[in-house]
Amino acid sequence: MDITTGVNAFQAPLLNDWTSRELYGEGGWGCGKTYLLWEFILSRSAANPAQCQCIVVTLTGPLMKSVILVEMDLAFRRLFLTPQHNKSEGLVTWTPEGRRIWLRTAEHPERLEGPTLAISATDESAQTDEEVYTRLSSRTRDGSATILQRLYVGRPEGTRTWFNKHIQEIKRGVRIDGHHVRGTTMDNERNLAHGYVDDLKLITAGDERMIRQVIHGEAAEDSGTIFGEIPEENVKACERAELGHIVLGADFNRGHHVWVVGTWYELSETLHIWGEYVTVDEAFAEHRNHPGVKRVGPEGAL
């Protein structure tokens, strides 16, 4: 099946690859990643036997509501179909045979256990824990499926994520059953509001890292992690921590709240960072992608 209608140069190569086990769509803002995700899910769901199950995973609950479900509705409208959506179970069924698509978030990777899958698609992959990748890989094993594939899409979040690591392995020929395509905002310009690309270029002017990541969809060195900004020679043991003051820096986001904890020494005017913490909600904190991140909670106390 050749999928060309309505797709752009970024989306078409991945949608028309029916054999690679893992597909990676790395792209800038507005390049059509979520459109690609739903075209992929529906085309593979339709091509497999009716009993084969799919799953869509996104980063957080708010993203599920504001992005994934909105794009899902548009995707089914393009097919002139109205699916059945069981919100309490996070399950979408469509076609008279009742083909199943599970909807999950990456906030608690252990909750991805469950159905045996044929197809999976993960949104904002670079921001998810690698455990999401591991669990989806272990679940994609339906022996009755004619197509077994996993799609990972997202904007790059620096060079130290598992997402970027896998992409580099594909480029080097190490991950032989993977297919990577990088998309830019300009690839999808015909579907964006008039002037959007020009506005984006104006917003990012002078910030080379931001230009590379949010427009050209290219991972920029050392971004995406607090610790990437700290030179290696500055990573050392901290002595006499009791002589300093505990300090806490916070970045409050809609889904994850990022906290950096350290000790400030007034006499030497130096800051020693202990670690980075990511709080998923008010009562729990979730382990994130690099070794410096610590798990805290469930009481949420640092």
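Criteria and thresholds
Residues numbered from 1 in each chain as written. Predicted model: local features only at pLDDT ≥ 70, side-chain atom pairs only at ≥ 80, totals over all residues. Heavy atoms only, no water. Helix = DSSP H or I, 4+ residues; strand = E, 2+ residues; numbered from the N terminus. Buried < 20%, exposed > 50% of the residue type's maximum accessible area, 1.4 Å probe, protein only. Contact = heavy atoms within 4.5 Å. Salt bridge = Lys/Arg side-chain N within 4 Å of Asp/Glu carboxyl O. Core = buried A, V, L, I, M, F, W, Y, C linked by side-chain atoms within 4.5 Å. Lys, Arg positive; Asp, Glu negative; His and termini not counted. Polar contact = N/O pair within 3.5 Å; in protein donor to acceptor, adjacent residues only side chain to side chain. Pairing = 2+ DSSP bridges. Axes fitted to C-alpha atoms, helices over the stretch in contact; angles between N-to-C directions. pLDDT = per-residue confidence, 0-100. Parallel < 35°, antiparallel > 145°, perpendicular 65-115°, else oblique. Left-handed = near helix turned anticlockwise from the far one by under 90°. Nonpolar A, V, L, I, M, F, W, Y, C, P; charged D, E, K, R; others polar.

### Section: the environment of P109
- Assignment of secondary structure puts P109 in the loop between strand 5 (99-105) and strand 6 (119-122).
- Take P109: its relative accessible area is 2%, and that puts it in the buried class.

### Considerations on helix 7 (residues 208-215)
- Every buried residue of helix 7 is accounted for by I211, Q213, V214 and I215.
- Residues of helix 7 that are buried in the fold lie against strand 1 (22-27), strand 8 (178-183) and helix 6 (196-204).
- After helix 7 finishes, the residue G217 shows a positive phi value of roughly 65 degrees.

### Let's talk about the pattern of salt bridges
- Within this structure, the stated rule accounts for 11 salt bridges.
- Across the salt bridge formed by E113 and R139, the nearest N and O atoms sit 3.2 Å from each other. With a gap of 26 residues between them, E113 in the loop between strand 5 and strand 6 and R139 in helix 4 (residues 130-139) connect regions that are remote in the sequence.
- Connected through shared salt-bridge partners, E22, R150, E169 and R175 make up one network.

### Some words on the nonpolar core
- In terms of nonpolar packing, the biggest core is built from 34 residues, with W38, I41, I101 and L151 touching the most fellow members.
- In terms of residue count, the dominant contributor to this core is helix 2 (residues 33-47) (6 residues).
- The residues contacting L151, other than those within four sequence positions of it, are L14, L23, L36, L37, F40, S120, A121 and T122.
- Y24, I55, Y152 and I170 belong to the second-largest nonpolar core, a separate cluster that totals 17 residues.

### Things to note about the side chain of D142
- Note on placement: D142 falls in the loop between helix 4 and strand 7 (149-154).
- Buried charged residue D142 carries no salt bridge. Nearest counter-charge: R141, at 8.7 Å.
- Only 2.7 Å separates the side chain of D142 from the side chain of S144, close enough to count as a polar contact.
- Residues in contact with D142, not counting those within four places in the same chain, are C52, Q53, T116, L117, A118 and L148.

### So, the sheet that holds strand 3 (residues 84-86)
- Taken together, the 8 strands give an open sheet; going across it, the order is 3-4-5-2-6-7-1-8, and neighbouring strands pair in mixed fashion. The sheet is open, and its two borders are formed by strand 3 and strand 8, each paired with just one other strand. Ignoring which end each strand starts from, the neighbouring axes of this sheet average 15 degrees apart.
- Pairing geometry for strand 6 and strand 7, over 4 bridges, is parallel. Residue pairing for strand 7: I119 is matched across the bridge by Q149.

### So, the confidence of the model for the chain
- For the chain, the mean per-residue pLDDT works out to 84, and 81% of the residues sit at or above 70.
- The low-confidence segment residues 282-302 (pLDDT under 50) makes 50 contacts with residues lying over four places distant or belonging to another chain.

### Points about the packing of helix 2 against helix 3 (residues 61-78)
- As a packed pair, helix 2 and helix 3 sit with axes 9 Å apart at the nearest point and diverge in direction by 55 degrees. As the angle between them shows, helix 2 and helix 3 are arranged oblique. As helix 2 runs across helix 3, the sense of the crossing is right-handed. From helix 2, T34, Y35, W38, E39 and L42 reach across to helix 3, where they touch V67, I68, E71, M72, A75, F76 and R78.
- For the contact of helix 2 with helix 3, the residue count by class is 8 nonpolar, 1 polar and 3 charged.

### A word on the packing of helix 6 against helix 7
- As a packed pair, helix 6 and helix 7 sit with axes 9 Å apart at the nearest point and diverge in direction by 150 degrees. One finds that helix 6 runs roughly antiparallel with respect to helix 7. Packed against helix 6, whose contacting residues are L200, K201 and T204, the element helix 7 presents M210, I211, V214 and I215 at the interface.
- Within the contact of helix 6 with helix 7, the residues separate by chemical class into 5 nonpolar, 1 polar and 1 charged.

### Overview of the pairing of strand 5
- Pairing of strand 2 (residues 53-58) with strand 5, which is carried by 6 bridges, proceeds in the parallel orientation. Paired with Q53 across the bridge in strand 5 is R100.
- The sheet contact formed by strand 4 (residues 91-94) and strand 5 spans 4 bridges and is antiparallel. Across the sheet, V92 pairs through a bridge with I101, a residue of strand 5.
- Between strand 4 and strand 5, which pair antiparallel in sequence order, lie 4 residues; one of them, T95, sits at a positive phi of approximately 70 degrees.

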